[in-house]
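Coordinates in review
These are the residues of each chain, in order.
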There are 4 protein chains.
Amino acid sequence: MTDRKRIPVAVLGATGSVGQRFVELLLGHPWFELRAVAASDRSAGRAYREAARWLQAAPLSPEIGGLPVRPCEPGAVGDCPLVFSALDSSVAGEVEKAFAAAGRVVVSNSKNHRMDPDVPLVVPEVNPDHVELVRAQPGPGAILTNPNCSTIGLVLALKPLADAFGIESVNVVTMQALSGAGIPGVPSLSALDNVIPFIAGEEEKIENETRKILGRLDGARIAPADVTVSAACNRVSVIDGHLECVSVKLRKKASAGDLESAWRDFSAEPQARKLPSAPAAPIVFLREDDAPQPRLHRDLGGGMAASVGRLRPCPLLDWKFVTLSHNTIRGAAGGSLLLAELAVARGLLK
Amino acid sequence: MTDRKRIPVAVLGATGSVGQRFVELLLGHPWFELRAVAASDRSAGRAYREAARWLQAAPLSPEIGGLPVRPCEPGAVGDCPLVFSALDSSVAGEVEKAFAAAGRVVVSNSKNHRMDPDVPLVVPEVNPDHVELVRAQPGPGAILTNPNCSTIGLVLALKPLADAFGIESVNVVTMQALSGAGIPGVPSLSALDNVIPFIAGEEEKIENETRKILGRLDGARIAPADVTVSAACNRVSVIDGHLECVSVKLRKKASAGDLESAWRDFSAEPQARKLPSAPAAPIVFLREDDAPQPRLHRDLGGGMAASVGRLRPCPLLDWKFVTLSHNTIRGAAGGSLLLAELAVARGLLK
Amino acid sequence: MTDRKRIPVAVLGATGSVGQRFVELLLGHPWFELRAVAASDRSAGRAYREAARWLQAAPLSPEIGGLPVRPCEPGAVGDCPLVFSALDSSVAGEVEKAFAAAGRVVVSNSKNHRMDPDVPLVVPEVNPDHVELVRAQPGPGAILTNPNCSTIGLVLALKPLADAFGIESVNVVTMQALSGAGIPGVPSLSALDNVIPFIAGEEEKIENETRKILGRLDGARIAPADVTVSAACNRVSVIDGHLECVSVKLRKKASAGDLESAWRDFSAEPQARKLPSAPAAPIVFLREDDAPQPRLHRDLGGGMAASVGRLRPCPLLDWKFVTLSHNTIRGAAGGSLLLAELAVARGLLK
Amino acid sequence: MTDRKRIPVAVLGATGSVGQRFVELLLGHPWFELRAVAASDRSAGRAYREAARWLQAAPLSPEIGGLPVRPCEPGAVGDCPLVFSALDSSVAGEVEKAFAAAGRVVVSNSKNHRMDPDVPLVVPEVNPDHVELVRAQPGPGAILTNPNCSTIGLVLALKPLADAFGIESVNVVTMQALSGAGIPGVPSLSALDNVIPFIAGEEEKIENETRKILGRLDGARIAPADVTVSAACNRVSVIDGHLECVSVKLRKKASAGDLESAWRDFSAEPQARKLPSAPAAPIVFLREDDAPQPRLHRDLGGGMAASVGRLRPCPLLDWKFVTLSHNTIRGAAGGSLLLAELAVARGLLK
C-alpha cells in the first residue's frame, strides 16, 4: 500500500470542531491526500484559515489554511473517490446521499444514516465485517458511518467481554467533553464550575447504537445484540475525552483477572492489517487507583486507544469499571479515518 | 425558642473548608452562638483570620476573624454544651469521644463514628427518630453524625420513593465538587480540564451509609434497610454541589407522575418543627430538560434543598433521575446544624 | 423616601446576562418596583422564565418568571417613568432615544450614548454632579449612562487619588470575567485553559470614558480630565469579577500610607445620601499579599464595592496596585440602579 | 555531532512538574541520553513511575518509568558529565554547587544562582555569549542557569527590539499558567473561577533578570542593561503558557512595520548552529486580532517559540503588544536543554 498513490479525499463540514480534527489527522496521512475542504454556503469561497475558527492545539499548516472552502456538492470537490463527512445533522442526510449517488464512498461521522438498515455502523476493532453491509446499498457509491463519540469508547471496552463472557446488560453514565458539542457549542458560563446532566438524543444513541454494533451481520441486515443498555449522559468541564462509568452483567462467570486478560490481550482486524491509524493496542488497561483521567490518558495510542481502569465488583450487576476515549480523535475524525482505511483494505474502494 | 437564650457552641476543625462553612452558617443563627473555634496545634493561638485560608464567597466578618484559635480539647473551648466537629478523620475519632466523655453533645461531620452501632447517622428529613439511638451511648455527652456529603443528596431523593413504593436496588454515579476534598485538596493541575474517577473510600460510604440511614430503629440498634446499592464516584471541576445520576428499582409499580408527586409532596419533621435551618421544601423537583445543574441549583433553599430532575424510565432498573445537593452546606455544615437543631427540639440538650 | 410609593420601572433587554442582573437586583428594591420586562421581538410574548436562559446563582422567583416579555417600545411597558436599559448596542441607540422622547428617564448600561456631549456618564461616587448634564438634553425624558464594566472599577480606585494627589497618567491591564461577554458569549472551548488577550473596543472605552468621568462639568459640557490612559484588555476564565493591574503617575508626591488612607477614608454622595444600593464603603483596601481575588472579594459590599490591594512602588510610574469590581453588579446593573437612585435623590424624576 | 556518541545526562528533581518535562523532552534526544533520575530522599529508591505523579499529557514510557530514583548526590548518578537541575530552590543552591565541584556541568532551572556574578543567565537566542562567563567560575565543573519562566518570553520578544531600536523602559503584566507553580501547586479551589494577583518573588525576578540577560558581557562580569522594567504578575486558570501584556518605550522612533519586521526576521545563534531543540523561528508574529492565546499558540515551534501579537501604539510609552511562551517547555526544561546544547556547541563540555 505504501508505494501506491495516495487516494484524494475531501472533508465535508471542514470548519467545525470535528472537521478540524479530520483536517489535522489527514496531514501526512500515508494513504489519503486532502484535496478539498467543503462547508456551508456561509463559508464557501473563503480561505479555510479564515472560515474556520481553528481551535486545535496543533497549529494549522499554511497550505491547508490556504485551501478555498467549497460548497458541499459532489461537483465542487473534484474527483475525490473518498469523502469524509463531519456535517451537521441538519444537512448531512441529504448531502451524504447525494455524494453516494454520485459514486463517492462517504465515511460519515454524522448521526443521520447510522441506524439505516443497509448502512454499516462500524468500530473497526469491534465489527469490521459489518462493512460488507454496503453491498446492500443501491450504489454506485456508498455510505459508511462511525458511531456517536460516546458509543465508541463503550463498545471498544465491551467487545472483549462480549467475546469472552457474553454480556447481558450494561449501565453507563458518561462525563463528556465540551469539544463533543462543537463550535460555538456550550457557552462558557454553562461550562465553568458546572455539569450539564443532559445531551439531547445522546442516551438513545448509546442504547441503540451499542446493540447494532455488537449485533451480527446476517446477509443484508444486522441482527442487533440481545443486550439491555441504560445510559445517562453528562457534559463536564473537560476539553477532550469522554469518561464513562460502566457496570456490566455477564452471561458467564468471570474473575477480575479474566476481564483484565480479555482487555490486555485484545487485538483485532485493524491491528492484524496494520492499518495506518490503528493503535498498537486498542485497549490500554490501567492499574492505578484513579485512572483513566481525561487529561492524562486521552492521548494514549495517539488518541485512538480506549483506556480502561478501576475494575471492581458491582453489588448490583457483576462488574464496574471506567473507560475513557478521545472523543474528537477515536470518537470522531480518527475513528472515521480508521474506518476508511478498513474499507480500502477490504477492497471497497478501487 | 426565639426568646430563649442562644446556646453557646464551638466548632472543632474550624480552619478547613467544612469548618469555614460552619463558621459562616453560624453567623446570626437564632438558636446557637459561636463562642469558640478550635483547630490543630499548628493553628492554635493564632487569630482565626490568619489561621484559616478563607475561601468562601461571603467575606469573613471582623469579629469572627479575630477569634483566637483554640486547641481541640474540652477544657479549651469554654462551657459550650454543643460542639460541631469538622475534624479530619485522622484525629476526629478520639477527640470526639473526649468531648462526649466531658459531657458535650458532639454533632460531627467526620466519618469515624458514623457506622458505630450506638451512634445515630442522621439526615433530619429522612430518619429523625434515629437521634434517639444516643440514649444507648454511655454518656454523659453524646455523639451524633452527619452522613458523607455524597450520601445525603442520595438519601434525600430516595426517602419519598422508599416510603411510597419501597426500593429494591439503587445504582448511583456521582460527579462531586472540589470543595468536598477540603483545602488544599485537589491540585489545580488535576482538576482543570479533567475528571478524577476515584475518591478514596467514598463508594463504600455511600453503599453502607445509605442502608443504615434508610434502616429501622430497633431499640438500641439500627436494622439496615434491605436495599442493594452500587456507587461509582468521580471528582469533577465544580466548586460546590454534588450531582448524582441515579437508577432505582422499586418494590411497587409507579408512574412518573407518582414519583414526581412523592418528591413534590415530601415534607418531614424539620419542616413540621420549623427548625431554623430547614428548607421550606427539602426536595425541589425541576422539569427543565437539563436540570439540575450545580451552578444554577446548588443554592436552592439556601443550599439546604436537594433538587431532582431528568426523571425517565430506565431500561435496566425502573427509573433514572438526577439529583443535586450542596456538599458543604446540606452535605456538611448545614446538615450538621439542622441535626443539632433537631437534637435540641427533641430535648437532647437541656 | 421609604414611605413614598415605589416608582414603577421597566427593564429593556431583560433576557441577557446584564438584564438578568437588573431583574435580580430589583427584587425587593425599596424605591423601585419591577413592572415590565422587555426584550427583542424573538422573545416578546413568551414568559420571562422561558425567554431568559436564567444563569444567575440565585434562583428566579416565580412571579418574575411569569412576567410576559414585551417589545422594546415606550407604548408596550406601561407608564413606568424610569426605564433601565441592558440592550445590545446594535439596537440601544435608537430605542433609548425613543424612550427619552416619550418622556421616560432611561438609565442605560449600553455604550451607544456614553460619549454624547449632553449625556452624563456617571459613577455615583466619582462624578455625581455630572447627572445635571441631562438638563442640556432636549427632553421631555432623559438618558443617563453607566460606564463600561471595566472602566467603573478603575475610576472608583482612581478617584480618591485624583482628589488627593492629582493623576498624570495611568496604565491598566485588565483580566475580565466571562459574564461581561453576555450570553452565549465566549464559547467554552475558548474559555477553558485559556486567556483571550482581546475584547473588541474595550481598550478605547476605558481610555476615553475615564477621561470623561474624571472630567469637570462646565455648563452644558464636560471638560475631560488631562490624564493619559493606556489600557490592555484580556478575557480570563472567571465567571464574575474584573481584576485590573494598575500603575499610576501622580501629580503630587505621596507615600503608600497616604494612598491607603485616601482609599480607606473615601466616601461620597451616595454614602452621604444613604442611597439604597450604595455600599457602606465604596472602596475596600485589602492588606493580604494576594488580594483582591475575583472569587473571594467580588461580593464585598454586595458586589457594589471595589477592592484594592497589592500597593507597591512602580519603577516606571509611581505606584502599582490591583483593583477588582463585580462586573455585572457594580459594573452594570447595580451601578445603573445606584445611578437611578442618585437621579431620584437629585430630583430628576418627579 | 549526529554520529558522535550521546552524552549521558542526569535530571535532579525529576519528580516535580519541571523535572517531568525534562524527562519527557530527553526521550529520543539526539545528543543527550537520560541515564539517571534523582530526587529528594523521600522518593529515592522507588521506581520513577511510582515516585512521580506523572501529569504530562504524553504518557510515560515504560523504560523511564522503571528507572530507580537516586539521591541528589554526585556519587549517585554515575559519571554523567551533564546534569539538569529542576530542584526546588530550598535545596538547589548547595546541591548544584556540589555537582559543579565534582566536575559536572550543571544546567539549572532553579533561581538560586541566577544572579551570582559569575553564573551565566542565558536565553540562547538572546545572550549566547554570556555562556563564556563560566570561565570565571572556580571549576572543575560549572553552573549555567535558565531564567525564570516569565522572564524568558519577555526577553525573547524584547531582544529584536533592543537590537534594532534600543529599549528605554518596559511595563509587563503577566498572566501565568498553573503548571508554573509545580505540583501540588495551586489548590483547585484557588484556581477555578479565579485569578491570583500575586506570585512570590516573581516581579523582582522579571525586573532583575531582564536587565542581566539584556546586559553586556564585560570580561568576568555582566554589565546590566540600562532598562527600567516594571512587572505585575498574576496566576490564571490556564494549564500551560504564560501570556504577557507588554508596553515598551524605545530609544529610536520605529513604525509598527519596523517592529513586525524585527520580530519576523529574528534568528540567532541556536538557529545558525542548528541546535536540536532550537525552533526554526524563535518568534512567531501573529496578525489575528485576538492572538496569541495560551491554548492555541503555546505549542508553536514545539513549545520553543515565543509568539507575539496585538501590536498597537501605547498612549503612555510607545508600543503595546502581547507575548506568549510555553512555561514548562521554553520557560523551563526546553530552555535548559537548548542552553545545554549551546554549551556543548561552544565546547564547554568535552
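Residues numbered from 1 in each chain as written. Chains lettered and ligands numbered in written order. Predicted model: local features only at pLDDT ≥ 70, side-chain atom pairs only at ≥ 80, totals over all residues. Heavy atoms only, no water.

Turning our attention to the domain arrangement of chain A. All names here are of chain A. As far as domains go, chain A holds domain 1 (3–147 + 333–345) and domain 2 (149–326). Put simply, the middle of domain 1 and the middle of domain 2, counted by C-alpha atoms, are 24 Å apart. Every contact between the two is made by 36 residues of domain 1 and, on the other side, 37 residues of domain 2. Surface buried jointly by domain 1 and domain 2 totals about 2,700 Å² across both partners, of which 70% is contributed by carbon and sulfur atoms. Contact with domain 2 buries area across many residues of domain 1, yet Glu125, Val126 and His130 alone supply 24% of it, more than any other trio. Taken together, the connections running from domain 1 to domain 2 amount to 2 salt bridges. The partner of Asp240 in a salt bridge is Arg21, and the shortest N-O contact between them spans 3.2 Å. (Domains from an automatic or database assignment. Contact = heavy atoms within 4.5 Å. Buried area = accessible area lost by both parts, 1.4 Å probe. Salt bridge = Lys/Arg side-chain N within 4 Å of Asp/Glu carboxyl O.)

Right, let's get into the packing of helix H1 (residues 17–26) of chain A against helix H11 (residues 329–345) of chain A. All names here are of chain A. It is at 9 Å that the axes of H1 and H11 come closest, and there the two elements cross at 50 degrees. In terms of orientation, H1 lies oblique with respect to H11. For the pair H1 and H11, the sense of crossing is right-handed. On H11, the residues touching Val18, Arg21, Phe22, Leu25 and Leu26 of H1 are Ile329, Ala332, Ala333, Gly334, Ser336 and Leu337. (Axes fitted to C-alpha atoms, helices over the stretch in contact; angles between N-to-C directions. Helix = DSSP H or I, 4+ residues; strand = E, 2+ residues; numbered from the N terminus. Parallel < 35°, antiparallel > 145°, perpendicular 65-115°, else oblique. Left-handed = near helix turned anticlockwise from the far one by under 90°.)

Attention shifts here to helix H11 (residues 329–345) of chain D. Residue and element names in this part refer to chain D. End to end, H11 covers just 21 Å across 17 residues, shorter than the expected 24 Å (1.5 Å per residue, more than 12% under). Burial analysis of H11 places 16 of its 17 residues in the buried class, the great majority of the element. Directly after H11, the chain includes Gly347, whose backbone phi takes a positive value near 85 degrees. (Expected span 1.5 Å × (residues − 1). Buried < 20%, exposed > 50% of the residue type's maximum accessible area, 1.4 Å probe, protein only.)

Both copies of the chain are related through a single rotation about an axis accompanied by a shift along the same axis. Note on the copies: chain B fits chain D at an RMSD of 0.0 Å, the axial shift is 0.0 Å, and the rotation between them is 180 degrees. Such a combination of rotation and displacement between the chain copies is what one expects of a two-fold axis. Taking C-alpha positions as reference, the residue of chain B nearest the rotation axis is B:Ser188, located at 1.9 Å. (Least-squares fit on C-alpha atoms with pLDDT ≥ 70 in both.)

Residues and elements named next belong to chain A. Strands sit in the order E10-E7-E11-E14-E13-E12 across an open sheet of 6 strands; the sheet is mixed. Looking at strand neighbours, the two that pair on one side only are strand E10 (228–235) and strand E12 (283–285), the edges of this open sheet. The mean inter-strand angle of the sheet, taken between neighbouring strand axes irrespective of direction, is 20 degrees. In terms of strand pairing, E12 meets strand E13 (residues 306–313) through 3 bridges, oriented parallel. Bridge pairing in E13 places Ile283 opposite Ala306. In this fold helix H8 (residues 256–264) packs onto strand E11 (242–250), E12, E13 and strand E14 (319–325), with an angle of close to 175 degrees to the strand it touches most, E13. (Pairing = 2+ DSSP bridges.)

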